[in-house]
Amino acid sequence: MQNNNRTFLYFICAVSAMGGLLFGYDWVVIGGAKPFYELFFGIGGSPLMQGLAMTTALVGCLFGAMVAGAAADRWGRKPLLMVSAVLFTVSAIATGLFNDFTLFNIARFIGGVGIGVASALAPMYIAEVSPTEIRGRMVSLNQMTIVLGILAAQVVNMMLARDTSVAESQAWNVEWGWRWMFWAETLPAALFLVLSFFIPESPVYLKLKALSSQPQGRDVESSNAVSGNQASPTWKELGKSRYRRVLVLGLIIAVFQQWCGTNVIFNYAQEIFVGAGFDVDGMFINIVITGIANVVFTIVALYTIEKWGRRTLILIGAGGLGLIYLTLGTCYHLGTTGMAMVALVVAAISVYAMTLGPVTWTLLAEIFPNRVRGVAMATCTFALWVGCCTLTFSFPSMNAALGSSGTFWIYSGICACAFIFLFRNCPETKGKSLEELERELAN
């Protein structure tokens, strides 16, 4: 590939991946704002309302993921990325603006729709514009921007949160601090919207639209034998026997990425680090430490995903997290506190960042045939956000009923079961074109 073409490829992939940046920021910023908006809205004593505030955006993710695939197949990948940028911008402004808890949740829902759309479309778009030899690395760029968004939210939260031991500072946190945490997202969201005007439409989408406009159907190998008079793919078509095996694989990979348990560390950092013996100020510092580890090991993934392969990394992730959570649960059970607990949390984040984080999105973008990729990605992304929603909503109740030890032991067991399934069923996709994978996996 010529240098000019490769530079343009990097540009359009980076712009698309800005959806991941906003996804990461919007998803995690609420964890730092949580101690303050709960006091502002007076929901500190209501686990149900706390869970609702944390889950509203995830419900929006479900809706966004559900409509993203069909909409992208009808109108294209680029317009949907632009829509997600608008939703991020509106949500960032509105969430910090409202004083009513119901309106606050509506604004979070809007942002969640943006997350759902961006999380389905960005990796799919990148996979469709990237050459085979660097496709895994380029799709992993989306995960790189997600973790940068996560780290940005963590740093912004720490910088905006004033000393909680000083009454005047705490009053500022409760009245204004949490608002600015959300408002800070406005600038990158607006930049994403502007830059999205300068990226082209996906060549796979353009090819499919060109075929569908032909008056006579004919088989085209690279487009999964799409006939000229066929309608857009539907969920009913995705359920056909030839797609069933790969659909089940995609759904399990998507749900496991969430139910491996790592993401509760981002959303419930307060409970996890306070349970490990840290105060709120120490919590913010430890959150940033985990964010830095997240970024560093995602960079590692950019280099290992094409060398080690997707299958190897996802198995390392499932097995490694299972062992770490077994140890973490045991330490909670024994009453261990301090930096040993931080080290285990950082180890979990690091393993996740170089394995399940990027590999999940890469595999989902690769394993489905061209014709059904849009609706299949939307279906798996929907399942992923169902997993995230149920994980986030269930953690407070599980933690209260079972303690941190029992909760992390359950996550360890889930990882063990996933390791067995993936060892038996997950293929290696490294170095294979999308058409080769289609012939191998869709039968």
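Scroll up to find the structure.
The text that follows walks through the structure, step by step, so that each part is easy to find. (Residues numbered from 1 in each chain as written. Predicted model: local features only at pLDDT ≥ 70, side-chain atom pairs only at ≥ 80, totals over all residues. Heavy atoms only, no water.)

**Focus: the overall build of the protein**
Each helix and strand in the protein was counted, giving 18 helices and zero strands. Taking all 443 residues of the protein together, the buried fraction comes to 59%. The long-range fraction of contacts in the protein, counting pairs at least 24 apart against all pairs at least 6 apart in sequence, stands at 83%. (Helix = DSSP H or I, 4+ residues; strand = E, 2+ residues; numbered from the N terminus. Buried < 20%, exposed > 50% of the residue type's maximum accessible area, 1.4 Å probe, protein only. Contact = heavy atoms within 4.5 Å.)

**Here we look at the packing of helix α2 (residues 47-75) against helix α4 (residues 101-129)**
For the pair α2 and α4, the least separation of the axes is 6 Å and the interaxial angle reads 40°. In terms of their interaxial angle, α2 and α4 are classed as oblique. Regarding α2 and α4, the two cross each other, and that crossing is right-handed. (Axes fitted to C-alpha atoms, helices over the stretch in contact; angles between N-to-C directions. Parallel < 35°, antiparallel > 145°, perpendicular 65-115°, else oblique. Left-handed = near helix turned anticlockwise from the far one by under 90°.)

**Comments concerning the environment of G112**
With respect to the helices and strands, G112 occurs in helix α4. For G112, a relative accessible area of 0% translates into the label buried. Through-space distance from the C-alpha of G112 to that of F23 is 8.5 Å; in sequence the pair is 89 residues apart.

**Overview of the packing of aromatic side chains**
Enumeration over the complete set of coordinates arrives at 22 aromatic pairs. For the pair F41 and F104, a centre-to-centre distance of 5.1 Å together with 55° between the ring planes defines the contact as tilted. Placement of F41 in helix α1 (residues 3-41) and of F104 in helix α4 is noted, with a sequence separation of 63 residues between them. This pair shows no difference in class: F41 is buried, exactly as F104 is. Three or more aromatic residues joined by ring pairs form one cluster here, namely Y37, F40, F41, F101, F104, W178 and F182. Positioned over the ring face of F40 is R179, at 4.9 Å from the centre of the ring. If you follow R311 out to its NZ or CZ, it ends over the ring of F423, 5.3 Å from the centre. (Phe/Tyr/Trp six-rings, centres within 6.5 Å; stacked < 30°, edge-to-face > 60°. Lys NZ or Arg CZ within 6 Å of the ring centre and 35° of its normal.)

**Regarding a nonpolar patch on the surface**
There is a patch of nonpolar side chains on the surface, built from F8, F11, V194, F197 and F198 and spanning about 510 Å² of accessible area. Relative to the helices and strands, F198 is located in the loop between α7 (186-196) and α8 (203-212). (Patch = residues over 30% accessible without salt bridge, like charges linked within 9 Å, V, L, I, M, F, W, Y side chains within 5 Å. Areas by Shrake-Rupley, 256 points an atom, 1.4 Å probe, with all protein chains shown as cover. Salt bridge = Lys/Arg side-chain N within 4 Å of Asp/Glu carboxyl O.)

**So, helix α16 (residues 356-366)**
Of all 11 residues making up α16, 11 are buried, and the element is well covered by its neighbours. Listed in full, the buried residues belonging to α16 are L356, G357, P358, V359, T360, W361, T362, L363, L364, A365 and E366.

**Concerning the pattern of salt bridges**
A complete count under the given rule lists eight salt bridges for this structure. With a shortest N-O distance of 3.8 Å, R179 and E175 are connected by a salt bridge. Taken together, the residues R179 and E175, both in helix α6 (residues 167-183) and four residues apart, mark about one turn of the helix. Using a relative accessible area of 2% as the deciding quantity, one classes R179 as buried. A relative accessible area of 34% places E175 in the partly exposed class. We note a salt bridge from E306 to R310, for which the minimum N-O separation is 3.1 Å.

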